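Chain residues, written in single-letter form:
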Amino acid sequence: MRNRTVILAIASAALAGVAAATTAFAEDGPIKIGIPVGLSGANSVVAPSVVQSAELAVAEINAAGGVLGRQLALEIADDASGAAGAQKAFDALVFQKEVNAVITMETSAARNAGLPIISKGDIPYIYTSFYEGKSCNANLFVNAWVPEQQVPPIVDNFIKSQGAKKFFLIGSDYAFGRGMLEFAKAYIEKSGASIVGEEYLPMEGSDWTAIISNLKSSGADAVITSTAGGAPNVTLTKQLRGAGVIIPYGNLAVDEGTAKSMGADAAGIFISASYVTSIDSAANKSFLAAMQKKFGAELRTPNDLSVPEYEGIYLYKAAVEKAGSTDTAAVLAALAEVSFVGPRGTVSMSKQHHAPLTMYLGQVKPDGSVTVVDTFEGVDPGEQCPNL
């Protein structure tokens, strides 16, 4: 009996040692950031720039000593730009890789599919993609624009400066496409203009011929589009130009990087963005120089989908440091209180888990760069999640 008691005591001590070692490793090992992103599918045009921005942020933070003395590590998974892929990617990151947070841009379909997994795993999720708004979850924070910030600059310019009275709306048939155009439609009609057509193509669709034919016969004097980011933007714009559409064209989904990939087809497009490479600030110049130094000839054009990724990682760093740990409840509380001064200026996710942002109305030049037409500082995201 005595021998058995001794054996049990030794076993208990051994298990306690293992537990202590595991806890120490959890506290001293790397802080893991999950990035589920569309390396394939519609977002594959822009995803590489998002990954590059994340890599730069992590490299800078680690070189400066990390976060609470721990290094950051990226865990990247392809969500295939859609719901089914997102479920697999989120599940692998949250429950297999056991990431401490998810920070990424995605399609709305992927975000919606991943949110239940975020809730189940109970980790912070910083969504860095512009989107249709009003996605509310205790674990979700958004540092990118919503319709209330992005649509008015384009519509106001078309009506007041270009005399547009009849609008035709074209979108991808999913949450972002319909959500953005629903807001645009209401805002256009409130502004005294009319909608003469509203049509959608499935997110994976690429033949816009019939829709463009309807646009040309509608009598519209302006067109606004809201497609899935990346490939659908490219195909729609190419076909619009090929069909000789020359009326004012506002694109609610194109970023500067994608515009460059379109070549001359993108020339003349009006965009409303929270980031353009021409922002004349010390922080933006420093960021662009660091990106060029790190990636050289492989650099993808920084844009309104990739820069929020860079800033999102720094916002998470600030929240962890304010919280004093990676504990989810503490970090979520801190995320609503921290700010980061980055390429877009000062960003704080303080308004119902969303961020007031400076917005730029721009027009794409033939080389894909963007000329800023007007600037709107501190644009409020409006009522997004009043119950959080």
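Just above sits the structure.
This is a predicted model, so every value here is computed, not measured. (Residues numbered from 1 in each chain as written. Predicted model: local features only at pLDDT ≥ 70, side-chain atom pairs only at ≥ 80, totals over all residues. Heavy atoms only, no water.)

Trainee: Whenever I open this one, the state of the cysteines confuses me. Can you help?
Mentor: Scanning the entire structure with this criterion turns up one disulfide. A sulfur-sulfur distance of 2.1 Å marks the disulfide that ties C136 to C385. A torsion of -90 degrees about the S-S bond marks the disulfide between C136 and C385 as left-handed. Of this pair, C136 sits in the loop between β4 (125-127) and β5 (140-142) while C385 is found in the segment after β14 (370-379), placing the two residues 249 residues apart along the sequence. (Disulfide = S-S within 2.5 Å. Helix = DSSP H or I, 4+ residues; strand = E, 2+ residues; numbered from the N terminus.)

Trainee: Can you walk me through the side chain of T104 in this structure?
Mentor: Along the chain, the position of T104 falls in strand β3 (residues 101-104). On the basis of relative accessible area, T104 is assigned to the buried category, the value being 0%. Here T104 is in contact with I35, P36, V37, Y125, I126, Y127, T128, S129 and E309, once residues within four sequence places are set aside. (Buried < 20%, exposed > 50% of the residue type's maximum accessible area, 1.4 Å probe, protein only. Contact = heavy atoms within 4.5 Å.)

Trainee: Any chance you could explain helix α12 (residues 328-335) here in plain terms?
Mentor: Within the sequence span of α12, burial applies to T328, V331, L332, A334 and L335. Looking straight down α12, one finds that the buried residues subtend no more than 165 degrees of arc, so they occupy a single side. Among the structural elements, β4, β5 and α11 (307-323) are those in contact with the buried residues of α12. (Arc of directions from axis to C-beta.)

Trainee: Is there a simple way to explain the pairing of strand β8 (residues 222-226) in this structure?
Mentor: The element β8 is extensively covered by neighbouring structure, given that five of its five residues are classed as buried. Along β8, one buried face is formed by A222, I224 and S226 and the opposite face, lined by V223 and T225, is buried too. With five bridges joining them, strand β6 (residues 166-172) and β8 adopt parallel strand pairing. Counterpart to F167 in the pairing with β8 is A222. Pairing of β8 with strand β9 (residues 249-251), which is carried by three bridges, proceeds in the parallel orientation. Across the sheet, the residue bridging to I224 is G250, located in β9. Once the chain exits β8 it traverses helix α8 (residues 231-242) before rejoining the sheet at β9, and the crossover so formed is right-handed. (Pairing = 2+ DSSP bridges. Right-handed = clockwise from strand over helix to strand, strands pointing away.)

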